[in-house]
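Okay, here's what each chain looks like letter by letter:
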Amino acid sequence: MSDKLQRPDWDNYFMNIAKVVAARANCCRRQVAAVIVKDKRIISTGYNGTPRGIRNCNEGGCPRCSSDAPSGHDLSVCVCSHAEENSIIQAAYHGISVKDSTLYTTFSPCLLCAKMIINSGIQEVVYHKQYTIAEQALDLLREAGVLVRPLLTKEEKIESGISE
């Protein structure tokens, strides 16, 4: 065999899985997912959407998603749970500790999710894209000692002028 097998590193492996999980999201506005990993094993996943037993967003279950409210407005009427929140809750539902784990997410966490991440004992957050209102959340995570880092594709690194 002359061709070398191309395997993704662990970060890209788990982020690629998160991107597939995001396809399950039922939010009409944004598809986001989170994957919680411990010892290089997936222990929980979550995506954004309405709570269990509630009509999905795409079926009219969330008043905000059914409205024409601009991004960042009318957040108080949104009934959706975020991907990070759902991944933590899913682990708790099944009695799985997320302490000392890594959370991979397709968007950086909001402030509420950052607080849940800190209090659940997750030690690292790896995100693909930065949420537009995430600075305070990222600062809070760092202050709490949670390692936070973006994961860019090779193309995104080139576009940003970042060398490998």
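Source: prediction; values computed, not measured.

A closer look at helix α4 (residues 135–143)
Looking at α4, one finds that the buried residues are Ala137, Leu138 and Leu141. Around the axis of α4, the buried residues are gathered within 95 degrees of arc, so they sit on the same side. Residues of α4 that are exposed and angled more than 90 degrees away from the buried face: Gln136 and Glu143. Check the buried side of α4 and you find it contacts α3 (111–120), β4 (124–129) and β5 (147–150). Residue Gly145 follows α4 closely and has a positive phi angle near 90 degrees.

Overview of the packing of aromatic side chains
Tallied over the full model, the rule gives four aromatic pairs. Aromatic pair Trp10 and Tyr13: ring centres 5.7 Å apart, planes at 85 degrees, arrangement edge-to-face. With Trp10 and Tyr13 both in helix α1 (residues 10–22) and three residues apart, this pair spans about one turn of that helix. Classification of Trp10 by relative accessible area gives partly exposed; the value is 40%. Between Tyr13 and Phe14, the aromatic rings sit 5.0 Å apart at their centres with planes inclined by 65 degrees, giving edge-to-face as the arrangement. Site record: aromatic cluster; members linked through ring pairs are Trp10, Tyr13, Phe14 and Tyr104. Its end group placed over the ring of Tyr93, Arg52 keeps NZ or CZ at 4.4 Å from the ring centre.

Concerning the nonpolar core
Generally speaking, soluble globular proteins have nonpolar side chains that are buried together. Among the nonpolar cores identified, the biggest contains 23 residues, and Leu103, Ile117, Ile122 and Leu141 are the most heavily contacted of them. Elements represented by at least two residues in this core include exactly β1 (33–38), α2 (83–93), β3 (102–107), α3, β4 and α4. In contact with Leu141, not counting residues within four places along its chain, are Pro109, Ala114, Ile117, Ile118, Val125, Val146 and Val148. Counting 11 residues, the second-largest nonpolar core is a separate cluster that includes Met15, Ala18, Ala33 and Val35.

Section: unusual backbone geometry
One can expect most non-glycine residues to show negative phi and most peptide bonds to be in trans. At Asp39, a residue that is not glycine, the phi angle is positive and equals roughly 55 degrees. Structurally, Asp39 can be placed in the loop between β1 and β2 (41–47). Residue classification places Asp39 among the exposed residues on the basis of a relative accessible area of 70%. Even without glycine at this site, Asp100 takes up a positive phi of about 65 degrees. Positionally, Asp100 belongs in the loop between α2 and β3.

Analysis parameters
- Residues numbered from 1 in each chain as written.
- Predicted model: local features only at pLDDT ≥ 70, side-chain atom pairs only at ≥ 80, totals over all residues.
- Heavy atoms only, no water.
- Buried < 20%, exposed > 50% of the residue type's maximum accessible area, 1.4 Å probe, protein only.
- Helix = DSSP H or I, 4+ residues; strand = E, 2+ residues; numbered from the N terminus.
- Arc of directions from axis to C-beta.
- Contact = heavy atoms within 4.5 Å.
- Phe/Tyr/Trp six-rings, centres within 6.5 Å; stacked < 30°, edge-to-face > 60°.
- Lys NZ or Arg CZ within 6 Å of the ring centre and 35° of its normal.
- Core = buried A, V, L, I, M, F, W, Y, C linked by side-chain atoms within 4.5 Å.

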